[in-house]
Every structure is written in C-alpha cells, then in structure tokens.
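So you can see what is in the structure, the chains are spelled out below.
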Amino acid sequence: AGFIKSPLSQKRLTQDSVELYCEAIGNPIPEIQWWFEGNEPNETYAQLWDGARQDRVKINATYNLHSTSTIYIANLTSDDSGMYECRASNDPDRNHLSKSPKVKWIRSQANVFVIERPDITTRVISESGKLILSCNMTTTYLAISGHEWMHGDKILHTDTDSSPLTSYVIEGKKEEHSGIYECVYKTSPVIKGQVNISVGPQVLAYKKSEHGNEGDTGVLICKSPSFPAVDSWVWYKNGQEVNARIFNGSGRYITKSSGNKTELRILKLSIEEDTGDYHCNATNSYGSGSAIVNLRVRSRLAALWPFLGIVAEVLVLVTIIFIYEKRRKPDEVPD
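Bear in mind that the values here come from a model prediction, so they are computed numbers and not experimental data.

## So, the sheet that holds strand β15 (residues 179-185)
Then step 1. Across the sheet, 4 strands lie side by side as β13-β12-β15-β16; this open sheet has antiparallel pairing. Edge positions in the open sheet fall to β13 (154-159) and β16 (191-197), since each of these has one partner strand only. Recorded for the sheet is a direction-independent mean angle of 20° between the axes of neighbouring strands.
Then step 2. Here 5 bridges tie strand β12 (residues 147-151) to β13, and the two strands are oriented antiparallel to one another. Bridge pairing in β13 links M150 to I155.

## Examining the nonpolar core
Then step 1. L20, I32, W34, L48, I71, I73 and Y84 are the most contacted members of the largest nonpolar core, which totals 19 residues.
Then step 2. Of all the secondary-structure elements, those providing two or more residues to this core are β3 (18-24), β4 (31-38), β7 (67-73), β8 (82-89) and β9 (106-115).
Then step 3. In contact with L48, other than residues within four places in its own chain, are W34, W35, F36, R53, I59, I71 and Y84.

## A short note on the sheet that holds strand β11 (residues 130-137)
Then step 1. Spatial ordering of the open sheet is given by β10-β11-β14, a layout of 3 strands whose pairing is antiparallel. With partners counted over all chains shown, the strands left at the sheet margins are β10 (120-127) and β14 (165-171), one partner each. Taking each pair of neighbouring strands and ignoring which way they run, the sheet shows an average axis angle of 15°.
Then step 2. In the sheet, β10 pairs with β11 via 8 bridges, with the strands oriented antiparallel. When the sheet's bridge partners are listed, E127 is paired in β11 with K130.

## Some points on the packing of aromatic side chains
Then step 1. Per the counting criterion, the structure on display carries 2 aromatic pairs.
Then step 2. Ring plane angle 45° and centroid distance 4.7 Å describe the contact between F36 and Y84, whose orientation is recorded as tilted. Here F36, found in strand β4, pairs with Y84, found in strand β8; they are 48 residues apart in sequence, far enough to count as distant.
Then step 3. Judged by its relative accessible area of 5%, F36 falls in the buried class.

## Describing unusual backbone geometry
Then step 1. Cis geometry is found at the peptide bond from N27 to P28, where omega equals 0°.
Then step 2. With an omega of 0°, the peptide bond running from F227 to P228 counts as cis.
Then step 3. Checked against the element boundaries, P228 lands in the loop between β19 (218-223) and β20 (232-237).
Then step 4. Even without glycine at this site, Q15 takes up a positive phi of about 80°.
Then step 5. With respect to the secondary-structure elements, Q15 resides in the loop between β2 (9-13) and β3.
Then step 6. Of note in this structure, D55 is not a glycine but carries a positive phi near 70°.

## Quick word on the pattern of salt bridges
Then step 1. The tally for this structure, following the rule as stated, stands at 10 salt bridges.
Then step 2. When the shortest N-O distance is used, the salt bridge between R87 and E85 registers 2.6 Å. This pair shows no difference in class: R87 is buried, exactly as E85 is.
Then step 3. Between R252 and D274 there is a salt bridge whose closest N-O contact spans 3.0 Å. With R252 in the loop between α2 (243-247) and β22 (253-258) and D274 in helix α3 (residues 271-274), this pair connects stretches of sequence that are 22 residues apart.
Then step 4. The buried category is assigned to D274, whose relative accessible area is 0%.
Then step 5. When salt bridges with common partners are traced through the structure, they connect R53, R56 and D80 into a single cluster.

Each value, and the rule that gives it
Counting restarts for each chain, with residues numbered from 1 along the sequence as it is written. Whole-chain, interface and lining totals are the exception, using all residues; otherwise, since this is a predicted model, local features are given only for residues with pLDDT of at least 70 and side-chain atom pairs are given and counted only at 80 or more. Just so you know, side-chain values use all the structure's heavy atoms and leave hydrogens and water out. By the convention used here, strands pair only if DSSP detects at least 2 bridges between them. Labels follow the DSSP assignment, with helices taken as runs of H or I lasting at least four residues and strands as runs of E lasting at least two, numbered in each case from the N terminus. To obtain each axis, a line is fitted to C-alpha atoms, and for helices this fit is confined to the stretch in contact; angles are then taken between N-to-C directions over 0 to 180 degrees. By convention a nonpolar core is built from buried Ala, Val, Leu, Ile, Met, Phe, Trp, Tyr and Cys residues, the set being connected through side-chain atoms within 4.5 Å. Think of it in three bands: residues with accessible area under 20% of the maximum for their type are buried, residues over 50% are exposed, and the middle band is partly exposed, with areas taken using a 1.4 Å probe on protein chains only. We call two residues in contact whenever any of their non-hydrogen atoms come within 4.5 Å of each other. The rule is short: rings of Phe, Tyr and Trp, with Trp giving its six-membered ring, pair when the centres are within 6.5 Å, and they are stacked under 30 degrees, edge-to-face over 60, tilted in between. Put simply, a salt bridge is a Lys or Arg side-chain nitrogen that is within 4 Å of an Asp or Glu carboxyl oxygen.

Here it is as structure tokens:
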C-alpha cells in the first residue's frame, strides 16, 4: 500500500515552496517514485528526480521497516501547478523496459495550485511623533477576510476589514521602534508584506562602568538592538583604536563581535595602562553610533583594605579598653 500523508489539495503562491510526504508498506520494502502531470491539455505524466527543475526539486527517501519519501519544491512558479503522484511497487520487474510487472504500481495523488503572488506596496511615514506603517495590495483577485500586523511572533493588531489597504500606527520615535514588521492578509493562501523601519545603530553599553582587579581579565560589552544589524564593530580607548593591535596579532586585547553585540576582553589588567574610557563604535548601512564604557582597575591589595581597617578598629578599641581599665584600678598601698 502507498499513500500521501500531505493534504490532497494545496494552494501556494509563486516564490513559495511546497512539500509532499509519502509512505509505502510492503514485503519486500517497496520503491517510491514521484511523477507529475501539468495542467496543459496534452501534457502527460513525467517522472521527477532529485535536482530536477534547475535544482528546485529535492527528493529524500528512506527504506527501513517501510518506505518513506519527501519531495520539496522551492521557488514555485505557475508551471509547477498540477497533479503530483506518489508511486510505490516492490515487484522485481517494476523498472524493466520490456517486461510488464506482475504487481501494479500503487498510486496516491495530490493537486498543487500555484497562484501568482499579488504585489504589495509598503510605506513608512513619520509625522507628529508617530510612525504610520501601511500596506496596499495592488492586485486584489483574492478574497480578503481581515488583516494582522505582527512584529516577530507578537500580534500587534487584528481586524476583519476586507480592504486591500491596511495601516498600523506606532507612537514614538523611529529610533525606538526599528525592526521588521509584517502585514498579514487573511486570504487563501495567506499573503504577507514586509515593512522595515531602518535606522543607524543605537548603541548601549551593557554596563557604563566596569571594575576589574589588577592581573585579572576585564570584559566590556556593548549591544545595539537596532535594525538593520551592525555591519562592523570597532573599539577605541581614549581616542586610540584598540582593534589595530588585535589585527596585527599583538597586544592583550581580544574582540568578539556578532551581529548586534560586541565584546572586548583585556588580559592581565594593568592599573597604569588599562584604566580609562573605552568607546564601542558600530556601523551599518544607515549610519553609525557609539557608547562609552569606563574601566577602573583596582590593586590586588584593594580587597585587603577593609580587613585591615577592621583589624585597626579592633586594636584601637582594645587599647582604649585597656587604658580605661588601667586608670579605673585604685593605687596599691605598700605594706
């Protein structure tokens, strides 16, 4: 027996992808093949293989206790619309060119409809301390039952309006709300538009003031939550670039930067050389920004000063008690 576990009818948009899954059970374990028949009147079934359609087709099959096969088609076009057929057989002569197999191929089908993706025009308008995000579907041949606005996984707004135009208002400055926003049209299939609020890096120091002990490793961290991500990070100390020493393979500085975070490590801290202000500078395609981290290096003996202070206080207290007791005793009268 062979069967497709995916929905028997699927709608997809151009540039999307589709995945169909098929299982077959038998003894011996049957082979699975994928075939396709287009919507053209004279078009007949043709076998699909891994790498077909300019490498947009990926087929993965496993033959263990039973047969499983998955076909994945990326970057769909209207020519990908049609009937997809999963065929399974365990007859030894199933692929023979002249002999007819004794066991017929078991077949299961799924119909895929690829719909032309509608054009969506997006805008961001900043006025009176507000950001107005809008999406307009210029070709409206699909029924719209509502909209959603999303930021990441968070739903910001939902409605049941059937208009091709939808908007969302954000209170605040552009720099405070950068990121990727999606306008979702409730259609079949669902259509999404993307609105980007892009700004230069808004850099924040993880801690504006860091402390470290002499001889230890100091760690300074800066972040930028802005969109788009930072292209390059550079560290400076009191106006001098630190990164140059690292690229030359010398010095006690190590930087580790990835996307919107950077970290500067300073090995074997020195009071004379490392105390001061450090500047983390970030750059992306919309500008640059920086933050300052102040590093203070303490002597290794700094931790002993509180203890020595307590010892001194105890000694002073004992001395005062001893003198007081000494004066309080009456003078001894000699015999």
